[in-house]
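Here is how the chains run, residue by residue.
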Amino acid sequence: MMNPIEKWILGATVSGMLCLMCTAAPSGGGNPPEERVTYAVAATVLAHGTFHRYVDREAGLNQCVQFLNAHGIHIDSAGLSEPLPKKELARLVAQSVLVRTGEAEYESGRVILPPDADSWVDYCLLYDINVDHAWAKLMDFVRENASYVRRLNGEEIPNRREEQ
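What counts as what
Residues numbered from 1 in each chain as written. Predicted model: local features only at pLDDT ≥ 70, side-chain atom pairs only at ≥ 80, totals over all residues. Heavy atoms only, no water. Helix = DSSP H or I, 4+ residues; strand = E, 2+ residues; numbered from the N terminus. Buried < 20%, exposed > 50% of the residue type's maximum accessible area, 1.4 Å probe, protein only. Contact = heavy atoms within 4.5 Å. Phe/Tyr/Trp six-rings, centres within 6.5 Å; stacked < 30°, edge-to-face > 60°. Salt bridge = Lys/Arg side-chain N within 4 Å of Asp/Glu carboxyl O.

1. Points about the overall build of the protein
From N to C terminus, the protein includes seven helices and two strands. Counting helices and strands in the order they occur from the N terminus, the protein gives α-α-α-α-β-β-α-α-α. Looking at the protein as a whole, 50% of its 164 residues qualify as buried. For the protein, contacts bridging at least 24 residues in sequence account for 67% of all contacts bridging at least 6.

2. A look at helix α2 (residues 39-49)
Within α2, 11 of the 11 residues are buried, which leaves the element mostly enclosed by the surrounding structure. Taken as a whole, α2 has its buried residues at Tyr39, Ala40, Val41, Ala42, Ala43, Thr44, Val45, Leu46, Ala47, His48 and Gly49.

3. Considering unusual backbone geometry
Phi at Ser108 is positive, roughly 55°, even though this residue is not glycine. A relative accessible area of 76% places Ser108 in the exposed class. Its identity as a non-glycine residue notwithstanding, Asp128 has a phi of 55°, on the positive side. Mapped onto the secondary structure, Asp128 falls in the loop between α5 (120-126) and α6 (131-144).

4. Considering the packing of aromatic side chains
This structure, assessed with the given rule, holds four aromatic pairs. Relative to Phe67, the ring of Phe51 lies with its centre 5.4 Å away and its plane at 55°, an arrangement referred to as tilted. Of this pair, Phe51 sits in the loop between α2 and α3 (61-70) while Phe67 sits in helix α3, and the two are 16 residues apart along the sequence. The class for Phe51 is buried, based on a relative accessible area of 3%. Given a relative accessible area of 15%, Phe67 falls into the buried group.

5. Section: the pattern of salt bridges
Under the counting rule described, the total for this entry stands at four salt bridges. With a closest N to O distance of 2.8 Å, Asp132 and Lys86 form a salt bridge. Of the two residues, Asp132 sits in helix α6 while Lys86 sits in helix α4 (residues 86-101), which places them 46 residues apart along the sequence. Under the relative-accessibility criterion, Lys86 is labelled partly exposed at 36%.

See below:
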């Protein structure tokens, strides 16, 4: 039986490297918790989607966050239940692209913004990375997997095997 992330990954049809990460929607705004994109949701989808070759499919939220942080894509463990602003999605997606392409430069263990961009949103615009599409796809994931997302937003899942 496939878990929600595996079903979403199989159904994703987004082009390029971002085909597995492209999904989200405006955070906050009174959306019910299951329709809120949080750092926990983004970290899990990013790790299992974009980095699926390197992250064990059974890895839980903590392992996903540790993997991203180890590769310079910073996710604050204390803020996992916080809503994810769209500009932060731009950062996560752009940093993922830089890590995957081997073009990332680091400072204090974090991927830094390349000098040709003024912000992560600007970087996405310069390199034709469609953050709006990524945002919409992440929102699709949130809507299609409401119970899984509620668990992610309410508690850290030590091991995804416990969900089944």
